[in-house]
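So you can see what is in the structure, the chains are spelled out below.
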Amino acid sequence: MSCAGQITLDNTICDGAEFDVEKDVRVFVENLKHIGGDNRAIIEVVASRTRSQRLEIARKYKERQGRDLHVDLKVYTHFDFQRVLRASFMSPLQYDVWTLHAALEEFGTDEKSLVEILISRSNSQIKEIRDLYMKTYDHDVDDLIRRKTRGEFCDMLLMLAEPSRDESDEVPMDLLRRDVKALKRAVRKGGAIQYYAFNEVFCKKNFAYIRALFELYKQNSERDIYRDIRLYFAGYMKSALKAIAEYAVSPTGYFAHRLYRSMKGLGTDDNTLTRIIVTRSEVDMEQIKKIFKEKYKHSLESYIVGDTSFSYRHLLLKLVSSSKTLFESVNQVKHDGAILSSTEIAETYSF
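None of the values given here were measured: they were computed from a predicted structure.

Undergrad: Describe the pattern of salt bridges, listing the residues and the values that go with them.
TA: Two side chains of opposite charge can pair, provided their charged atoms sit close to one another. Enumeration according to the criterion identifies 20 salt bridges in this entry. Its salt-bridge partner being Glu-162, residue Lys-204 comes within 2.9 Å of it at the nearest N-O pair. With Lys-204 in helix H12 (residues 191–204) and Glu-162 in the loop between helix H10 (151–160) and helix H11 (173–189), this residue pair connects regions lying 42 residues apart in the sequence. Residue classification places Glu-162 among the partly exposed residues on the basis of a relative accessible area of 37%. A salt bridge links Asp-284 to Arg-280; the shortest N-O distance between them is 2.8 Å. Note on accessibility: Asp-284 and Arg-280 belong to one class, buried. Via salt bridges that share partners, Glu-116, Arg-258 and Arg-275 belong to a single interconnected network.

Next comes the structure, spelled out in structure tokens:
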């Protein structure tokens, strides 16, 4: 798709060619006066603007109204729709800090979201997250991890929360062979040695190194490392190791799987669904959608239609399919074989 004169293949959101911040601000002023404003107009603006443009809208809104846009979003919008809107008007750093706060301090601990954030952010981003978290909530991330988690999984999270992963693409073969032997020996011995050895590799080495290690591990034995993770680890530790392995092999595959799990079975993990769509729509959403369709036989759009409704559904569909009309997105859902009730079709086309 073409974005402001630049060709990109991966993102679904790009700079609005005719961005008029004053006009966009008026949309929010007019529709955040009372509950029941025109959500369609709001969705059109949000889904056709990049995050930097949305932040400019939020700044102008505050100048004009004398109130933070987030305050009015909390008053005049609700539930899942509100969550997507608020996420869309935060900087990536602010949103990561907000997500960590929810994962660590609200309604229990969301271990999988913690791992997702910590493995997919750079060292510099993790440092910024830690600093802003302290400034915003007056809590140290490490202290919260120690309070909220236990044992080897706690040790792993503390290592992931250190901005110290090797970010080069170097794969020294002598060190690689030594680490493969160390992991195999650790699996045989078990206990603390096993956890320490895997943490040292999975939390500290660069992802090119980890991919090469997986290959060599398989060549030197009759089983691959994924099998050993399933056999010799349990609980959150196993889940985190599998997540790191999946992300190292294919970040887009990892996010496609996270989206699938967020909508599979009864109930929807709306926090994960929102976070990945909002954060990846300007990065690699097209590739995520492609992998999603290949792995799960139906489009991401069809899953969104099946698990969401009303303005929440409309906004998510626009964020993942902004290069298409909503009509085309729903047609894609129908081609995937998803069965829509007459009510669902009316809800979607009423947009």
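Still to come is the rest of the account.
Undergrad: Describe the packing of helix H2 (residues 39–47) against helix H20 (residues 310–320), with residues and values.
TA: The contact between H2 and H20 brings their axes to 9 Å, and the two run at 25°. Relative to H20, H2 is oriented roughly parallel. In the crossing of H2 with H20, the sense of the turn from one axis to the other is right-handed. On the side of H2, the interface is formed by Asn-39, Ile-43, Glu-44, Val-46 and Ala-47, while H20 contributes Ser-311, His-314, Leu-315, Lys-318 and Leu-319. In terms of residue class, the contact of H2 with H20 is built from 5 nonpolar, 3 polar and 2 charged.

Undergrad: Report on the packing of aromatic side chains, specifying residues and quantitative values.
TA: In this structure the tally under the stated criterion is 18 aromatic pairs. An angle of 65° between the planes, with centres 4.9 Å apart, marks the rings of Phe-198 and Phe-233 as edge-to-face. With Phe-198 in helix H12 and Phe-233 in the loop between helix H14 (225–232) and helix H15 (235–249), the pair connects residues that are 35 residues apart, well separated along the chain. Ring centres 6.4 Å apart and planes at 65° place the aromatic pair Tyr-260 and Phe-292 in the edge-to-face group.

Undergrad: Tell me about the side chain of Ser-281, and please be specific about residues and values.
TA: Along the chain, Ser-281 turns up in the loop between helix H17 (270–280) and helix H18 (285–296). Separated by 3.2 Å, the side chain of Ser-281 and the backbone oxygen of Val-278 make a polar contact. Excluding its chain neighbours within four sequence positions, the residues that come into contact with Ser-281 are Asn-11, Thr-12, Ile-13, Ile-276 and Leu-319.

Undergrad: Quick one: what's the story with unusual backbone geometry, residue by residue and with numbers?
TA: Negative phi characterises most residues that are not glycine, and trans characterises most peptide bonds. For Lys-297, which is not glycine, the phi dihedral falls at a positive 70°. For Lys-297, the position within the fold is in the loop between H18 and helix H19 (300–307). In this structure, Phe-310 is a non-glycine residue whose phi angle is positive, near 55°. One can find Phe-310 in helix H20.

Undergrad: Talk me through the environment of Ser-309; I want residue IDs and the actual numbers.
TA: By secondary structure assignment, the location of Ser-309 is in the loop between H19 and H20. For the pair Ser-309 and Asp-80, spaced 229 residues apart in sequence, the C-alpha to C-alpha distance is 9.6 Å.

Undergrad: I'd like to hear about the side chain of Arg-275, residue by residue, with values.
TA: Among the structural elements, Arg-275 can be located in helix H17. Classification of Arg-275 as buried rests on a relative accessible area of 3%. Reaching out from Arg-275, the side chain makes a polar contact with the side chain of Ser-113 at a distance of 3.0 Å. If we ignore the near neighbours within four places in the chain, the residues touching Arg-275 are Tyr-95, Thr-99, Ser-113, Glu-116, Ile-117 and Arg-258.

Undergrad: Would you mind going over the environment of Asn-39 in detail, with residue names and values included?
TA: Along the chain, the position of Asn-39 falls in helix H2. Looking at Asn-39, the relative accessible area reads 25%, which means it is partly exposed. In this structure, the C-alpha to C-alpha distance between Asn-39 and Tyr-312, residues 273 residues apart in sequence, is 9.7 Å. Other than its neighbours up to four places away in sequence, Asn-39 contacts Phe-81 and Ser-311. A distance of 3.0 Å separates a polar atom in the side chain of Asn-39 from a polar atom in the side chain of Ser-311.

Undergrad: Tell me about a positive patch on the surface, and please be specific about residues and values.
TA: Side chains of Lys-112, Arg-230, Lys-242, Arg-261 and Lys-264 sit close together on the surface and give a patch of like positive charge. Along the chain, Lys-112 turns up in helix H7 (residues 111–120).

Undergrad: Requested: an account of the environment of Ala-102, with residues and values cited.
TA: Looking at where Ala-102 falls in the secondary structure, it is placed in helix H6 (residues 92–105). Take Ala-102: its relative accessible area is 32%, and that puts it in the partly exposed class. For the pair Ala-102 and Ser-113, spaced 11 residues apart in sequence, the C-alpha separation works out to 9.4 Å.

Undergrad: Got a sec to walk through the confidence of the model for the protein chain? Specific residues and values, please.
TA: Looking at the protein chain as a whole, its pLDDT mean stands at 90, while 88% of the residues score no less than 70. In the model, residues 4–9 has pLDDT below 50 throughout and makes 7 contacts with residues more than four positions away in sequence or in other chains.

Undergrad: Can you tell me about the nonpolar core, naming the residues and giving the values?
TA: Counting residues in each nonpolar core, the largest one holds 99 residues, and the members touching the most others are Phe-28, Phe-198, Phe-202, Leu-213, Ile-277, Phe-292 and Leu-315. At 8 residues, the largest contribution of residues to this core is made by H15. Contacts of Leu-315, omitting those with residues within four sequence positions, involve Ile-43, Val-46, Ala-47, Phe-81, Val-84 and Leu-85.

What counts, and where the lines are drawn
Residues numbered from 1 in each chain as written. Predicted model: local features only at pLDDT ≥ 70, side-chain atom pairs only at ≥ 80, totals over all residues. Heavy atoms only, no water. Salt bridge = Lys/Arg side-chain N within 4 Å of Asp/Glu carboxyl O. Helix = DSSP H or I, 4+ residues; strand = E, 2+ residues; numbered from the N terminus. Buried < 20%, exposed > 50% of the residue type's maximum accessible area, 1.4 Å probe, protein only. Axes fitted to C-alpha atoms, helices over the stretch in contact; angles between N-to-C directions. Parallel < 35°, antiparallel > 145°, perpendicular 65-115°, else oblique. Left-handed = near helix turned anticlockwise from the far one by under 90°. Contact = heavy atoms within 4.5 Å. Nonpolar A, V, L, I, M, F, W, Y, C, P; charged D, E, K, R; others polar. Phe/Tyr/Trp six-rings, centres within 6.5 Å; stacked < 30°, edge-to-face > 60°. Polar contact = N/O pair within 3.5 Å; in protein donor to acceptor, adjacent residues only side chain to side chain. Patch = residues over 30% accessible without salt bridge, like charges linked within 9 Å, V, L, I, M, F, W, Y side chains within 5 Å. Areas by Shrake-Rupley, 256 points an atom, 1.4 Å probe, with all protein chains shown as cover. Lys, Arg positive; Asp, Glu negative; His and termini not counted. Charge placed at Lys NZ, Arg CZ, Asp CG, Glu CD. pLDDT = per-residue confidence, 0-100. Core = buried A, V, L, I, M, F, W, Y, C linked by side-chain atoms within 4.5 Å.

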